[in-house]
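One-letter residues, chain by chain:
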Amino acid sequence: MRRFTSALFLLGLGVLIAAIYQKMGFHASGSNVGQAINAVAADQLGAANFVTSVVLGYRGLDTLMELTILFTAATVVALVLGRRKPSAKRDPDAGFVLQAGADLFFPLLLIVGLYIILHGHLTPGGGFQGGVILAAAFFVPVLARPGTSIDHGWARLVEGLAGASFIFIGLLAMLEGKSFLTPPPGQGELGALFSAGTLPLLYIAVGLKVGAELAGLLAHLSETEAAE
Amino acid sequence: MNNLLLLIALPLITAFLLPILDRVSTMLARLAGPVVLFITSAIGFWLWMQLGGQTVAIQLGGFLPPLGITFYVDQLSLLFAVAINVGTLLLWPDDGEDRLRRSILSLILAASGSGLALSGDLFNIYVFYELVAVVSYGLVASKSIPGAYAATIRYLIISAFGAVLVLTGIALVYQATGTLNLAQLAQLAPDKLNNLQGLAAFVLMLIGFGVKAELFPVNTWVPEVYATAPTRVSGLLAGVVSKLALIVIVRLLVLVFHQPEAQTVMLVLGILGVVTGELAAWRARDFNRMLAYSSIGQLGIMFIAFAIPGQAGVFAGLAVALHHLIVKPALFLLAERWGGSLEKLAGAARTSPLGAALFIVLALSLIGVPPFPGFWAKLLVLVHLGEQAQSLYYLGGLVILAGAALEANYLFRVASSFYYPDNKQELPPAHRRRDITIASVLTAGLVASVFVLSPLAERLDGIATQASDVPRYIQTVNPAALPEAQP
Amino acid sequence: MDTSLVMYIAAGGLLLIGSAGIVMSSHLVRIIFGIALLEAGANLLLLLASFREGATAPIIVDGHVPAIMADPVPQALVLTAIVIGVGILALALSLAIRVQRAYGTLDMREIRDRMAQEIADTASIDRPISSHAPLPVDVTSVPSPSEGKG
């Protein structure tokens, strides 16, 4: 009975999707917000990468909330998984190839991650993408040598401070009577590394926070002892 | 009005810094949460008094709409922003294990709830909604019993499915209109969303947001979660968070999706919700489960009410919603010590006479017995249902009346069992001072409102009129027109 | 036009496969995979709204502004949605770990039954065979009060 209703539900869903596709034009609607943003983003925010100006400028609050979701997820994972029993068995170290590779990759991943974060306002990339690479940089050695793990204390410290600094930068604008997360005037030369006002700073905060969070999250998941 | 953003920024920055603060001084970390929430509630309340009859639009980052995100402040959104802050403060988690993490989660709940109430941008609403969801997963699972984890994962599955539905709906809306700003969507809707694509988007978002609003059929998580979560959390979820999700749906319905089919869908799902909820509550043999199903039934009534077109629907629905907002958390506070089999509650009046009295008052109001506010709220709904032309609305009215009869039956079954003079059974424990105090305050407020019913109703009417005033919304936000289409 | 048609079909397909995974499977990890696929499908659908014929990335390279630029807004939205999805997946997996440890199984039907049993035990009521079976509400077993119910 359950299979039948499930199949029926899926059939209905398929019909709905097909009906919508039939009515939708397969071209995006001509006039939209993105177009308006493309026209003015360079002047208003000074970042060469318009997606960054949307992520950190026009939709800065969304980004802050997204960071909070990651933070909350990490907190809940810590809440749910609890502490590891010290007597639990550890996984054995990985083979030579993975260990050597992890040692070689660590500095490379760090550099690539930092580069992507710092150039987020100039080229595709940014805090999230770079942050994930940073997290990988710190997590791959843990995969290679499960005995060592990252220091959760440091991770939480970086996480908390980075998140607080994002909000702090946003609050600074409120001191001048402007709205939350208003970018400061004076944006420097378009296309230079030091341009776009506070946007690179915000992305650095994002990158550090995401990196610390994901590394901590992954480490927590991998530290969970197997069921007896 | 820019200070309104403090309702989001302050709890959030406190939550981020709380682990560090805890290392420095546990006392400070313990106090920081309630103090911050008290401040935000005060700010919210003060701004509500200042607002008067105006409506204000706050542009985040100073970017003009529709480029940036807009926060729309009217009496309705501010009321619910204050409600979530006050609610979280009143139902602050107890000291216990993982106190720090649960405090962090509660702070984030207050921040995200405020954002959800105030936001005027479709995707921003989705992000706040997801944040509320993630926080609720954590709070529900915080009682580390296996049942809690199972209930949470089942809740997560349904909720994640709902989130994907909302995202798909947003994709459809953006495809059709090119904007995410609610005011601009209200402007463009008659041309661009009055078709199958618009209706499909609404249904997707209705079911997606409806997970939190305990809409039929995505409410299967409700009884399990309310049985295994800490009772404070259940009270907060059932009382306040569900109303926030409902208000989001109402905003979408009022501003953007004007098709009569949209209202029909809500009406049908509401009727099904009342029927299934009240029947299941009638059969429940467990206090928490009974409250959970009763919640589903009451939210069904709200969906039926909001399905009534025009200002009348918003007025009636708001009346039921605000009434439930006070009654349900109070009932869940009573359930803290009374949770469990209904048979075990016999003779409870002896150990907790105040609790029994409170339960009777709350039950009377919930059923809809005059002179309590619940009666007036339900009467309002029934009167406006009767004024409609479509016969489906009459069915809604009948269902509400039948539901009230069932409510009377099962609630009084429980209430009368409190006074059974049975000496053999073990009596249920008395309530804790803190729970019974808050429950008394809420019930006292309920009773007091009976005496100020007329001005209260006028105020509510004003709020509803303002909320359903679409041209005013558009004018307040005043989005710039989008540029002409590129070839 | 053809490329975007294929992408739309892909997005719809992912949504369907993900839904099938959630609705029809009883293994928790498969359900979580279904959620991941669903999110991928929804993100793809949202991203397709930024498509323009002959457009390039909305980035100014060496001071040269492209003539036709893609829409940056859906790209930013999907960025957010992907991160949200990652958070939820991590959460789901951690819950699955705890559930497996508590119940020793990842079969959703068994988990549901054990959870219902546990809830009933805590409430100390006799559990009926199925949670959908009608409950015999037995008011006669409790002595009725001397005066009738108002």
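This text goes with the structure placed above it.
Residues numbered from 1 in each chain as written. Chains lettered and ligands numbered in written order. Predicted model: local features only at pLDDT ≥ 70, side-chain atom pairs only at ≥ 80, totals over all residues. Heavy atoms only, no water.

K.L.:
Break down the interface of chain A and chain C for me, with residues and values.
P.N.:
Every contact between the two is made by 49 residues of chain A and, on the other side, 43 residues of chain C. Taken over both partners, the interface formed by chain A and chain C buries close to 3,800 Å², and the fraction arising from carbon and sulfur atoms is 73%. For the pair chain A and chain C, the number of links is zero salt bridges. Contributions of two or more residues to the side of chain A that touches chain C are made by α1 (2–23), α2 (33–45), α3 (50–58), α4 (60–81), α6 (127–144) and α8 (199–223) of chain A. By residue number, the principal contributor to the side of chain A that touches chain C is α1(A), which donates ten residues. Within the side of chain A that touches chain C, the residues separate by chemical class into 33 nonpolar, ten polar and six charged. (Contact = heavy atoms within 4.5 Å. Buried area = accessible area lost by both parts, 1.4 Å probe. Salt bridge = Lys/Arg side-chain N within 4 Å of Asp/Glu carboxyl O. Helix = DSSP H or I, 4+ residues; strand = E, 2+ residues; numbered from the N terminus. Nonpolar A, V, L, I, M, F, W, Y, C, P; charged D, E, K, R; others polar.)

K.L.:
If you had to explain the pattern of salt bridges to someone new, which residues and values would you point to?
P.N.:
Counted according to the given criterion, the structure contains 13 salt bridges over all chains. Linked by salt bridges that have partners in common, R59(A), D62(A) and D121(B) make up one network.

K.L.:
So what about the pairing of strand β2 (residues 70–73) of chain B? Which residues, and what values?
P.N.:
Side-chain positions along a regular strand alternate between the two faces of the sheet. Residues and elements named next belong to chain B. Residues T70 and Y72 of β2 are buried on one face, and the alternating residues F71 and V73, pointing to the opposite face, are buried as well. One ladder, built from four bridges, connects strand β1 (residues 56–59) with β2; its direction is antiparallel. For I58, the partnering residue across the bridge sits in β2 and is F71. (Buried < 20%, exposed > 50% of the residue type's maximum accessible area, 1.4 Å probe, protein only. Pairing = 2+ DSSP bridges.)

K.L.:
So, the packing of aromatic side chains: which residues are in play, and what are the values?
P.N.:
Following the criterion strictly, the structure yields 15 aromatic pairs over all chains and no others. Relative to F138(A), the ring of F106(A) has its centre 5.4 Å away and its plane inclined at 75°; by these criteria the two rings are edge-to-face. Linking F106(A) in helix α5 (residues 96–118) with F138(A) in helix α6, this pair joins segments that are 32 residues apart in sequence. Here W221(B) and Y226(B) contribute two aromatic rings whose centre-to-centre distance is 6.2 Å and whose plane-to-plane angle is 85°, an arrangement assigned as edge-to-face. The burial state of W221(B) is the same as that of Y226(B); both residues are buried. Here the aromatic cluster, defined as three or more aromatic residues joined through ring pairs, consists of Y137(B), Y155(B), W221(B), Y226(B) and F332(B). (Phe/Tyr/Trp six-rings, centres within 6.5 Å; stacked < 30°, edge-to-face > 60°.)

K.L.:
Can you break down helix α2 (residues 26–51) of chain B residue by residue, with the values?
P.N.:
One turn of the α-helix equals 3.6 residues, which is why residues spaced by three or four share an orientation. Residues and elements named next belong to chain B. For α2, which comprises 26 residues, the first-to-last C-alpha distance of 38 Å matches the rise-based estimate of 38 Å (1.5 Å per residue) to within 8%. Considering bend angle alone, the principal kink of α2 is centred on A32 and spans about 35°; proline P34 follows within four residues of it. Those residues of α2 that sit buried are A29, A32, G33, V36, L37, T40, S41, I43, G44, L47, W48 and L51. Next to the buried residues of α2 lie α1 (6–24), β1, β2, α3 (75–90), α4 (99–118) and α19 (453–467). Directly beyond the C-terminal end of α2, a positive phi value near 65° is found at G52. (Expected span 1.5 Å × (residues − 1). Bend = angle between axes of the 7 residues up to and from the residue.)

K.L.:
So what about the environment of L482(B)? Which residues, and what values?
P.N.:
Residues and elements named next belong to chain B. Take L482: it is sitting in the segment after α20 (470–477). Classification of L482 as buried rests on a relative accessible area of 15%. As for L482 and P66, which are separated by 416 residues in sequence, their C-alpha atoms are 8.2 Å apart.

K.L.:
Describe unusual backbone geometry, listing the residues and the values that go with them.
P.N.:
Residues apart from glycine generally show negative phi values, whereas peptide bonds are mostly found in trans. Residues and elements named next belong to chain B. In this structure, P217 follows F216 across a cis peptide bond, with omega equal to 0°. Looking at where P217 falls in the secondary structure, it is placed in the loop between α8 (196–210) and α9 (221–228). Of note, the amide linkage connecting P370 to P371 takes the cis form, showing an omega dihedral of 5°. Mapping P371 onto the fold places it in the loop between α15 (353–367) and α16 (373–386). At E214, a residue that is not glycine, the phi angle is positive and equals roughly 55°. Since its relative accessible area comes to 2%, E214 is described here as buried.

K.L.:
Before we move on, can you summarise the interface of chain A and chain B with the specific residues and values?
P.N.:
Contact residues are listed per partner, giving 55 residues for chain A and 60 residues for chain B. Contact between chain A and chain B buries roughly 4,800 Å² in total, counting both sides, with carbon and sulfur atoms accounting for 75%. For chain A, the biggest contributors to the area lost against chain B are R59(A), M65(A) and L79(A); these three give 13% of the whole. Summed over the shared surface of chain A and chain B, the number is one salt bridge. A salt bridge links D121(B) to R59(A), with the shortest nitrogen-to-oxygen separation between them at 2.7 Å. In this structure, the connection of chain A to chain B is made through three residue pairs in polar contact (both at pLDDT 80 or more). With 15 residues, α4(A) is the largest single contributor of residues to the side of chain A that touches chain B. Considering only residue class, the side of chain A that touches chain B consists of 30 nonpolar, 19 polar and six charged. (Polar contact = N/O pair within 3.5 Å; in protein donor to acceptor, adjacent residues only side chain to side chain.)

K.L.:
Describe the environment of E336(B), with residues and values.
P.N.:
All names here are of chain B. Within the element layout of this structure, E336 appears in helix α13 (residues 311–338). For E336, a relative accessible area of 23% corresponds to the partly exposed category. Along the chain, E336 and F287 lie 49 residues apart, while their C-alpha atoms are 10.0 Å from each other. In contact with E336, other than residues within four places in its own chain, are T231, R232, R432 and D435.

In short, shape yes, function no, at least from these values alone.
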